[in-house]
Amino acid sequence: MKIVKWILLAAGTCCLMLSLASCSGAGPAPAVTPDESQTEANNLITVGFSQVGAESDWRMANTKSMKETFTEANGYKLILKDAQQSQEKQIEAIREFTAQKADYIVVAPVTEEGWDEALQEAKDAGIPVIIVDRMIKTSDDSLYTCWVGSDFRKEGETAVACMENAFGSDAELSIAHLQGSMGSSAQIGRTEGLQAGVSKNTGWNVTARDSGDFTQVKGKEVMERILKQYDRIDVLYCENDNMAFGAMEAMDEADRTYGVGGEITIVSFDATHAGLVATLEGKINYNVECNPLHGPRVEEIIRQLEAGNTPNKMAYVDETVFDAATITQGDIDARAY
Ligand code: AHR
């Protein structure tokens, strides 16, 4: 039982502290034998984490949060696998964690579909699976223990509300839409939010739409194509900050103006540190927050499970939006990512 691990770990820590206390006195410190250090290593809770990749500032902040939380000092052994945006690699990682008999498997899924088989194998091995950040679609909800992440559809609706406030509902708008990785919850929810806005506001048209896969490089490439094709773009609805940075490079090179007082209004997502700096500078008009600091949230779930409690099956993170007209330096200073 994992609870035994916690007790052993706490007892081990006490013994260590006593040893250190006696060490501060006159005598030499008792040596830790290889057997004892082996026991301490065995007492760690093993967490296999399959991460999407390193495609964005958001993702790096998310990885950092997990690494800072699941440390040996906190009682964990973290096995982190970067899938480089490949679902195949993520499935491989889940299978490896299952074969290694990890205590918990944590997955930040690249797409929503296609997880049932690998998760069934983890379930058969009795390993709880925690889904984090994006969501999965499954025929059987018992294949994962719980999920914590963002309400991406709500993020899209928040962005649309900003556009409605800025332009009014009867405005004629030509919208360029840069999508994230296709099939990911972040893309699906934010796209659905925009679609609902377009259906409601009959003068709004999505003139151009393409995926930049949440990366700066592809964001730039897609925007270059769009700018060559269309003379009139009123709004760039960009599904993350990194693609917005790439799009800005493309607009700079094409001598097109953007942001506050510019030709193209930019609506972005994530509100990372760099994204908020661009918002304060007036380059991004509206930046909808997506919070990546999931390490402590996942740990809280594991603590509950270790204590024999049942965590909430689904938990949404509270998020806000930043407007170039009202953002302050204080908002940026308070940003942990
Ligand atoms: O799933 C969260 C999204 O993934 C973030 O918006 C994006 O930057 C990241 O790559």
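### Considering the overall build of the protein
Item 1. Within the protein, the secondary structure is distributed over 12 helices and 12 strands.
Item 2. Per-residue burial over the protein gives 50% buried out of 337 residues.
Item 3. Considering only contacts in the protein between residues 6 or more positions apart, those separated by 24 or more positions represent 73%.
Item 4. Accessible surface, the protein as shown: approximately 15300 Å² in total, 52% of it carbon and sulfur.

### Brief notes about the environment of Asp210
Item 1. Along the polypeptide, Asp210 turns up in strand E7 (residues 204–211).
Item 2. For Asp210, a relative accessible area of 30% puts it in the partly exposed group.
Item 3. Note: C-alpha distance between Asp210 and Gln179 (31 residues apart in sequence) is 5.9 Å.
Item 4. Not counting the four nearest positions on each side in its chain, Asp210 is found in contact with His177, Leu178, Gln179, Val222 and Arg225.

### Some points on the sheet that holds strand E5 (residues 146–149)
Item 1. Sheet architecture is open: six strands sit in the order E2-E1-E3-E4-E5-E11, paired in parallel fashion. Single-partner strands in this sheet number two, and they are strand E2 (76–82) and strand E11 (314–316). In this sheet, adjacent strand axes meet at a mean angle of 15 degrees when their direction is disregarded.
Item 2. Here E5 pairs with E11 via three bridges, running parallel. Bridge pairing in E11 places Val148 opposite Ala315.
Item 3. Those strands touched by helix H11 (residues 295–306) are strand E1 (45–51), E2, strand E3 (104–107), strand E4 (129–133) and E5, and its axis lies near 160 degrees from that of E4.

### A few points about the sheet that holds strand E9 (residues 265–270)
Item 1. What the six strands build is an open sheet, ordered E7-E6-E8-E9-E10-E12; its pairing is mixed. One side of each edge strand has no neighbouring strand; the edge strands of this open sheet are E7 and strand E12 (321–323). On average, adjacent strands in this sheet sit at an angle of 15 degrees to one another, irrespective of strand direction.
Item 2. In this structure, strand E10 (residues 286–289) lies alongside E12, joined through three bridges in antiparallel fashion. Bridge pairing in E12 links Asn287 to Phe322.

### Re the environment of Ser86
Item 1. On the secondary structure map, Ser86 appears in the loop between E2 and helix H4 (87–99).
Item 2. Between the C-alpha atom of Ser86 and that of Thr111, which follows or precedes it by 25 residues, the distance is 9.2 Å.
Item 3. At 3.3 Å, the side chain of Ser86 forms a polar contact with the backbone nitrogen of Glu88.
Item 4. A distance of 3.0 Å separates a polar side-chain atom of Ser86 from the backbone nitrogen of Lys89.

### Focus: the packing of aromatic side chains
Item 1. One pass over the full model with this rule turns up three aromatic pairs.
Item 2. Residues Phe70 and Tyr76 carry aromatic rings whose centres are separated by 4.8 Å and whose planes lie at 80 degrees to one another, so their mutual orientation is edge-to-face.
Item 3. Residue class for Tyr76 comes out buried when judged on its relative accessible area of 0%.
Item 4. Aromatic pair Trp147 and Tyr316: ring centres 5.1 Å apart, planes at 75 degrees, arrangement edge-to-face. Of the two residues, Trp147 is situated in strand E5 and Tyr316 in strand E11; the sequence distance between them amounts to 169 residues.
Item 5. Residue Trp147 is classed as buried on the basis of its relative accessible area of 2%.
Item 6. Cation over ring: Lys313 sits above Tyr144, and NZ or CZ is 4.2 Å from the ring centre.

### Some remarks on helix H3 (residues 57–69)
Each α-helix turn comprises 3.6 residues. Residues three or four places apart therefore point the same way.
Item 1. Here H3 is 13 residues long and its end C-alpha atoms lie 18 Å apart, about the 18 Å a rise of 1.5 Å per residue gives.
Item 2. Listed as buried for H3 are Trp58, Arg59, Ala61, Asn62, Thr63, Ser65, Met66 and Thr69.
Item 3. For H3, the secondary structure elements touched by its buried residues are E1, E2, E3, E4, E9 and H11.

### Concerning the site of the ligand
Item 1. All residues adjacent to the ligand are Glu55, Ser56, Trp58, Arg59, Asp133, Arg134, Phe152, Ala186, Arg190, Phe214, Asn240 and Asp270.
Item 2. One of the side-chain N or O atoms of Asp133 is found 2.8 Å from an oxygen atom in the ligand.
Item 3. In isolation the ligand has 280 Å² of accessible area, and contact with the protein removes 100% of it.
Item 4. When residues of the shell around the ligand are traced back to their parent elements, those giving at least two are H3 and helix H7 (185–200).

### A look at the side chain of Asn201
Item 1. Following the sequence through the fold, Asn201 ends up in the loop between H7 and E7.
Item 2. Engagement of the side chain of Asn201 in a polar contact is seen with the backbone oxygen of Gly197, the distance being 2.9 Å.
Item 3. Aside from chain neighbours lying at most four places away, what touches Asn201 is Glu164 and Ser169.

### Some points on the pairing of E10
Item 1. Burial of the side chains of E10 extends over both faces: Tyr286 and Val288 are buried on one face and Asn287 and Glu289 on the other.
Item 2. With four bridges joining them, E9 and E10 adopt parallel strand pairing. Bridging across to E10, Val267 finds its partner in Tyr286.
Item 3. After leaving E9, the chain enters helix H10 (residues 273–280) and then returns to the sheet as E10, a path that is right-handed.

Cut-offs applied
Residues numbered from 1 in each chain as written. Predicted model: local features only at pLDDT ≥ 70, side-chain atom pairs only at ≥ 80, totals over all residues. Heavy atoms only, no water. Helix = DSSP H or I, 4+ residues; strand = E, 2+ residues; numbered from the N terminus. Buried < 20%, exposed > 50% of the residue type's maximum accessible area, 1.4 Å probe, protein only. Contact = heavy atoms within 4.5 Å. Areas by Shrake-Rupley, 256 points an atom, 1.4 Å probe, with all protein chains shown as cover. Pairing = 2+ DSSP bridges. Axes fitted to C-alpha atoms, helices over the stretch in contact; angles between N-to-C directions. Polar contact = N/O pair within 3.5 Å; in protein donor to acceptor, adjacent residues only side chain to side chain. Phe/Tyr/Trp six-rings, centres within 6.5 Å; stacked < 30°, edge-to-face > 60°. Lys NZ or Arg CZ within 6 Å of the ring centre and 35° of its normal. Expected span 1.5 Å × (residues − 1). Near = heavy atom within 4 Å. Right-handed = clockwise from strand over helix to strand, strands pointing away.

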